[in-house]
Every structure is written in structure tokens, then in C-alpha cells.
Amino acid sequence: MRGGVAILDFGSQYSQLIARTVRELGVYCELFPGNARASTVMRMGPGAVILSGGPSSVYDEGAPMPDPAVLEAGLPVLGVCYGMQLIALSEGGRVEGGHRREFGPSRLVPVPDSPLFAGTPAEGFQAWMSHGDRVVEIPPGYSVCASTGSLPVAAMENRALRRFCVQFHPEVRHTENGRLILSNFLFGIAGLSADWSMSAFRSSCVEGLRSSLGSGTHVVLGLSGGVDSSVVAALLHEAIPSRFTPIFVDTGLLRAGEREAVEATFRGHFGMNLITRDASRLFLDALEGVTDPERKRKIIGAKFIEVFQEAAAPLGATHLAQGTLYPDVIESVSFKGPSATIKSHHNVGGLPDSLHMKLVEPLRELFKDEVRCLGRELGLPPEIIGRHPFPGPGLAVRILGEVVEEDLETLREADAVFIDYLRRNGLYDSIWQAFAVLLPVRTVGVMGDCRTYDRVIALRAVTSTDGMTADWFRMPPEHLAAISAEMVNRVRGVNRVVYDISSKPPSTIEWE
Ligand code: XMP
């Protein structure tokens with residue numbers, strides 16, 4: 001997509017936030033490692049460049065430097081924090097280290113007519129700082145365009161070159177008018193247009209898939225019914241319906257009604273050539289006697305590949321589609337210091353290179369919320385778009401200890417009671433992930449006139465943005481009471497319900 005923004009990432013924790021904000025403003029952008037070669041960056045045909053912040057000092061040995069050719073290309077540039085210091089130093093200004101680190105809000109006062117600050121309050125506003133070094137002498141041709149009480153050069157500009165630099169972070173929520181400042185740069189200064197939309201992406205992606213997957217190719221996909229693989233399926237079905245086959249493996253470790261729902265949506269509603277494999281017996285046999293969570297995961301992963309491979313073999317597939325998202329891609333390319341750590345995220349679905357198929361990853365450029373938006377655009381039902389994450393090993397990591405069929409039945413019922421309740425009472429969408437866990441203990445209870453000695457269900461509901469950290473959902477007690485009563489009344493073999501009030505860290509979301 002030409003005319004977008006190339007963001008050079010120097011390792012700031014906020015680089016992804018810059019990318020998201022730019023896209024939310026309707027402008028396509030890509031992140032590159034800060035020291036990427038100009039030829040790599042120019043391939044996307046950028047209309048502007050943003051240099052991100054970063055943890056280094058420009059005076060550090062091996063501090064990441066941009067390829068000078070990127071800055072010499074005549075494009076408008078916005079330097080943020082470390083990016084500002086890079087520009088100051090490379091153009092003959094002076095940067096000073098050794099100051100007390102400034103971290104947090106500062107009152108920023110812009111000069112009256114700077115195009116970067118157009119529309120911001122003249123009396124100043126709060127801007128978020130996070131830096132050690134600072135610019136003490138601006139390069140020739142520049143002028144100061146904002147200051148704070150303790151920082152005379154909080155922003156500088158060279159209008160002739162269309163270069164603007166800010167010491168604060170316009171991309172973080174705590175900076176007032178941050179979005180306005182970024183949009184002033186994108187539209188007012190760089191003259192870009194806001195033409196990045198999901199419907200534009202949908203057409204160009206489908207077109208791209210059609211032309212890159214020429215005749216004679218066949219694509220398979222491990223469809224789980226989760227939002228990512230479902231969106232990939234809908235895209236491929238639109239692009240090459242007769243040469244695309246999604247494969248759904250029923251591991252027997254799924255929730256109630258899951259297979260039926262996937263079949264109804266993808267075979268019924270979309271009319272895809274969906275292959276379903278019921279392999280529950282195979283998985284259960286392989287898990288017999290296994291209690292260690294990591295062994296469970298390994299066994300399930302290996303069996304999944306076996307079943308998938310066996311289903312795909314007769315199709316003579318040439319390509320394997322995967323729902324890799326942009327954060328996975330960035331993780332593997334982002335600048336992480338001189339010995340860049342490269343992670344492989346290619347086997348997100350647990351499918352190995354030995355399948356000898358080329359990868360198709362149509363969501364590589366998208367963030368999760370963009371994938372949801374694309375899913376809506378493609379007509380996927382809201383239940384799929386808003387579905388809570390579900391782990392690959394499924395209920396096997398929610399039955400603590402050995403997985404047996406009877407316990408799967410109990411947990412499936414318990415989970416359905418919990419989730420149905422949350423949906424009926426409008427709580428589901430406020431929760432990032434909710435599920436029931438079957439504990440390997442029995443406790444004493446009393447039902448009617450009889451003493452019972454039955455199982456315990458733990459309820460887990462968390463809020464989160466990415467699953468990396470999470471907090472327990474503050475479920476109102478009247479709902480907890482209603483769920484508990486419904487659970488014990490409806491699920492045989494359960495006489496006690498507990499609610500998990502642990503955050504992550506120190507706990508994890510799943511119990512195994
Ligand atoms: P934890 O339990 O590590 O979970 O806090 C974070 C997120 O990852 C999911 N999860 C998994 N997903 N295979 C998966 O595909 C797994 O083995 C697995 N373990 C945890 C979990 O459901 C949560 O969304």
C-alpha cells in the first residue's frame with residue numbers, strides 16, 4: 001500500500017502503539033527494525049517516516065542508527081524521543097546525557113504557529129515524557145516549537161525539510177492532544193490521505209491472494225472456529241473457493257456444541273468445502289494415564305499434526321494458511337539490540353515445516369482488533385468475532401490431572417452453564433476470557449437429605465488486553481450466587497463452586 005508510513009522501531013515499548021494509532025487515523029503503516037536498510041524500507045513506498053523512541057542513548061556503543069539513505073529520501077520525518085535525539089545529533093545539534101531521567105507527565109507549551117501543534121491549546125497541555133538524554137542545542141535550520149518548564153527543547157522543527165521532532169510521546173494515552181499532533185503530522189504536514197480501511201484491505205487482500213495463488217495451487221487451513229482462523233477461512237473462500245479446504249479436527253477436548261457450530265457456519269452458511277475429522281478416541285487414548293500438563297500439550301500437539309496431515313494428504317495441497325498476526329511478525333523483526341532476538345512464530349497452529357507446504361498468512365499486517373473488524377466486513381457471525389480465546393489443548397488443560405471421558409462430559413456441561421449465563425446476562429463481552437475448571441478433589445456436601453461427596457468446579461473470568469497480563473473480573477456477587485446455584489442444580493457430580501480471584505502474574509490464566 002503506497003503512501004503509508006514507515007515506522008523505524010528503535011525498541012521503544014510504545015512502537016506498536018504508534019503503528020496502531022496511525023492506522024486508527026486511517027493511514028497504512030509498517031514497522032521496520034530501526035537499522036533496516038533503506039532498500040527494505042522504500043519497498044513499501046512510504047509517504048512519511050516516523051522514528052520511534054528507544055531505550056538506548058545516542059552515545060551508547062552500538063546505539064541503533066537508521067540507514068542515512070532513509071533520511072535522505074526527502075520524506076517528511078517525525079522523530080519521537082530517541083528519534084529526535086538521532087536527528088539532532090546527525091544534523092549538527094547537541095544532545096546531552098547524564099540528566100536525571102524524566103518520566104511522566106509534563107506541561108508542554110507549543111509556539112503559536114507550529115503546524116505540528118495546530119489546534120492544541122495555546123496555554124499548554126499535558127505531555128508524557130520518558131527520556132534520559134535531551135537536546136540542548138538544535139541543529140542549523142531548526143527552531144524550537146515547544147518547551148516545558150524543565151526542558152527548553154521539548155520539540156523542534158525544520159519546516160523546509162518537513163522534519164519535526166518531539167521529546168515526549170504523542171502516541172500514549174496520557175499525552176493530551178497526542179492524536180491531534182500525529183494527525184497534524186500525517187495530514188497537514190505529510191499530506192497523506194486517510195484511505196486505509198477494512199473494506200479497502202479486504203478487496204486488496206482478496207485480489208492479492210488470487211494473483212499470488214495462481215492456478216494449480218490448493219490451500220489448506222487448520223480451522224479452529226477462533227476469530228483468526230475463521231477470518232483467514234472467509235478470505236480464502238472469497239478468493240479461491242474451489243481451491244481452498246479448511247480442516248477442523250475434533251479433538252474431543254472441545255466445548256459443548258463447538259463442532260456443530262463450526263459446521264453450521266462454515267459448511268452451512270458459507271458453503272465451504274469443510275473437512276471435519278472426529279479424532280476424539282485417538283486423543284483420549286493417547287492421553288490415558290497422563291497427568292503432567294506439558295506432556296498433555298505435547299501429546300495433543302503431535303496428534304493434531306498427525307490427524308491434520310492425514311486429512312490434507314489426499315488434497316495434494318501446495319499451501320498452508322495460518323492466522324499469524326502483526327504482533328507475532330513484529331516480535332520476530334523488531335530491533336532488540338545488537339544481537340537481535342529472532343523468534344519463530346510460524347508454527348502458531350503447531351503445524352511443522354515437514355508438511356512441505358508454502359505458508360499463506362493473509363493477516364500478517366493486522367492487529368487483533370483489525371482482524372475483528374475485517375471479520376465483520378466479511379460477514380462472520382458476532383459469536384465468532386467476539387469469541388473468548390480458547391487454548392489449543394482445549395479442556396485437557398482445564399481438567400486437572402488425568403483426562404477421562406466422564407470428566408470431559410462434566411466439564412463441558414459446567415462450562416456451558418457458566419458461559420450461557422454470562423451471555424444471557426450481558427457479561428460475556430466485558431470479559432476477556434471465562435471458563436470452568438474441574439478440580440481433582442471431592443468435597444462433602446448435602447443435597448436434599450443426602451450427604452454427597454462430589455467434585456468442585458472453579459470459575460475463572462479475567463480481563464486483559466493481550467493475555468500477557470490479566471486481572472480477575474470483578475463479578476457482582478448476585479451473579480456469582482446465581483451461577484453457583486445453577487451449576488450445582490444442573491451439573492451432576494458437582495456440589496461446590498469456587499471463584500478464582502488471582503491475577504496474572506503471579507498466576508496464569510489457565511490452571512495448567
Ligand atoms: P496462560 O495460562 O499462560 O494463558 O496465562 C495465556 C493465554 O494463552 C492461552 N493458552 C494456550 N493457547 N495453547 C494455546 O493455543 C496452549 O497450550 C495454551 N496455554 C494457554 C490461554 O487460554 C490464554 O488465553
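What you see is a predicted model; the values in this text were computed from it and never measured.

(A) Highlighting unusual backbone geometry. The omega torsion of the bond from Lys504 to Pro505 falls at -15°, within 30 degrees of zero and hence cis. Within the secondary structure, Pro505 is located in the segment after β20 (494-499). Across the junction of Pro505 and Pro506, the peptide omega takes the value 5°, indicating a cis bond. Within the secondary structure layout, Pro506 lies in the segment after β20. Even without being glycine, Asn177 reaches a positive phi, approximately 65°. Structurally, Asn177 can be placed in the loop between β11 (163-166) and α5 (178-189). Look at Asn177 and you get partly exposed, because its relative accessible area is 26%.

(B) Broad picture of the site of the ligand. The environment of the ligand is formed by Arg297, Pro389, Pro391, Gly392, Pro393, Trp432, Gln433, Gly467, Lys504, Thr508, Ile509 and Glu510. Gly392 is positioned with one of its backbone polar atoms (N or O) 2.9 Å from an oxygen atom of the ligand. Look at the ligand: alone it shows 490 Å² of surface, and the protein chains cover 68% of it. When its residues are assigned to classes, the shell around the ligand shows five nonpolar, four polar and three charged.

(C) View of the packing of aromatic side chains. For the structure shown, the criterion picks out nine aromatic pairs. For the ring pair Trp196 and Phe201, a centre distance of 5.5 Å and an interplane angle of 75° mean the geometry is edge-to-face. On the basis of relative accessible area, Trp196 is assigned to the buried category, the value being 8%. Judged by relative accessible area, which is 5%, Phe201 ranks as buried. Seen in terms of ring centroids, Phe304 and Phe308 are 6.3 Å apart; in terms of plane orientation they differ by 15°. Their pairing is stacked. Here Phe304 pairs with Phe308, and both are found in helix α10 (residues 293-312), just four residues apart, close to one helical turn. Looking at Arg20, its charged tip hangs above the ring of Phe367, at a distance of 5.2 Å from the centre. Sitting over the ring of Phe435, Arg398 keeps its end group 3.8 Å from the ring centre.

(D) Molecular detail of the packing of helix α6 (residues 198-212) against helix α12 (residues 368-377). One way to put it is that α6 packs onto α12 with a least axis distance of 9 Å and a crossing angle of 75°. Considering the angle they form, α6 stands roughly perpendicular to α12. Residues Met198, Ser199, Phe201 and Arg202 of α6 pack against Glu370, Cys373, Leu374 and Glu377 of α12. Per-class residue counts for the contact of α6 with α12 are four nonpolar, one polar and three charged.

(E) View of the pattern of salt bridges. With the rule as written, the count across this model stands at 32 salt bridges. One connected set of salt bridges, linked through shared partners, spans Asp250, Arg259, Glu263, Arg267 and Asp278.

(F) Helix α8 (residues 258-269), seen in detail. Between its first and last C-alpha atoms α8 spans 15 Å; for twelve residues at 1.5 Å apiece the expected length is 16 Å, and the two agree. Close packing links the buried residues of α8 with α7 (227-239), β13 (244-250) and α13 (382-385). After α8 finishes, the residue Gly271 shows a positive phi value of roughly 70°.

(G) Region of the structure containing the nonpolar core. In this structure, Phe266, Leu422 and Met487 are the most contacted members of the largest nonpolar core, which totals 116 residues. With sequence-adjacent residues up to four places away left out, Leu422 is seen in contact with Leu427, Tyr428, Ile431, Ala434, Met475 and Ile483. The next biggest cluster of nonpolar side chains, apart from the first, holds 38 residues, and it includes Ile50, Leu116, Leu192 and Val329.

(H) Representation of the domain arrangement of the protein chain. In terms of domains, the protein chain is made up of domain 1 (5-189), domain 2 (198-385) and domain 3 (404-499). With seven residues of domain 2 at the contact, the number on the domain 3 side is five residues. Together, the buried faces of domain 2 and domain 3 total about 550 Å²; carbon and sulfur atoms form 55% of this surface. On the domain 2 side of the interface with domain 3, the three residues burying the most area are Arg255, Ala256 and Leu284, jointly 52% of the side's total. In this assembly, domain 2 and domain 3 are joined by one salt bridge. When the shortest N-O distance is used, the salt bridge between Glu405 and Arg281 registers 3.2 Å. The interface formed by domain 2 and domain 3 holds three residue pairs in polar contact (both at pLDDT 80 or more) in total.

(I) Broad picture of the pairing of strand β10 (residues 155-158). Burial along β10 is two-sided: Ala155 and Glu157 and Met156 and Asn158, pointing in opposite directions, are all buried. The sheet contact formed by strand β9 (residues 143-147) and β10 spans three bridges and is antiparallel. Note that in β10 the partner of Val144 across the bridge is Met156. Pairing analysis gives four bridges linking β10 to β11, with the strands arranged antiparallel. Across the sheet, residue Asn158 finds its bridge partner in β11, namely Arg163. The antiparallel hairpin formed by β10 and β11 contains four residues in its connecting segment, where Arg162 sits at a positive phi of about 55°.

(J) Layout of the sheet that holds β13. The five strands lie next to each other as β14-β13-β12-β15-β16, forming an open sheet whose pairing is parallel. Among the strands making up the open sheet, the edge pair consists of β14 (275-278) and β16 (358-360). Strand after strand, the sheet turns through a mean of 30° between neighbouring axes, direction not considered. The pairing of strand β12 (residues 219-222) with strand β15 (residues 319-321) spans three bridges and is classified as parallel. By the bridge assignment, Val220 is partnered in β15 with Leu320. The sheet strands contacting α10 are β12, β13, β14 and β15, and the helix crosses β13 at an angle near 140°.

Rules and cut-offs
Residues numbered from 1 in each chain as written. Predicted model: local features only at pLDDT ≥ 70, side-chain atom pairs only at ≥ 80, totals over all residues. Heavy atoms only, no water. Helix = DSSP H or I, 4+ residues; strand = E, 2+ residues; numbered from the N terminus. Buried < 20%, exposed > 50% of the residue type's maximum accessible area, 1.4 Å probe, protein only. Near = heavy atom within 4 Å. Polar contact = N/O pair within 3.5 Å; in protein donor to acceptor, adjacent residues only side chain to side chain. Areas by Shrake-Rupley, 256 points an atom, 1.4 Å probe, with all protein chains shown as cover. Nonpolar A, V, L, I, M, F, W, Y, C, P; charged D, E, K, R; others polar. Phe/Tyr/Trp six-rings, centres within 6.5 Å; stacked < 30°, edge-to-face > 60°. Lys NZ or Arg CZ within 6 Å of the ring centre and 35° of its normal. Axes fitted to C-alpha atoms, helices over the stretch in contact; angles between N-to-C directions. Parallel < 35°, antiparallel > 145°, perpendicular 65-115°, else oblique. Contact = heavy atoms within 4.5 Å. Salt bridge = Lys/Arg side-chain N within 4 Å of Asp/Glu carboxyl O. Expected span 1.5 Å × (residues − 1). Core = buried A, V, L, I, M, F, W, Y, C linked by side-chain atoms within 4.5 Å. Domains from an automatic or database assignment. Buried area = accessible area lost by both parts, 1.4 Å probe. Pairing = 2+ DSSP bridges.

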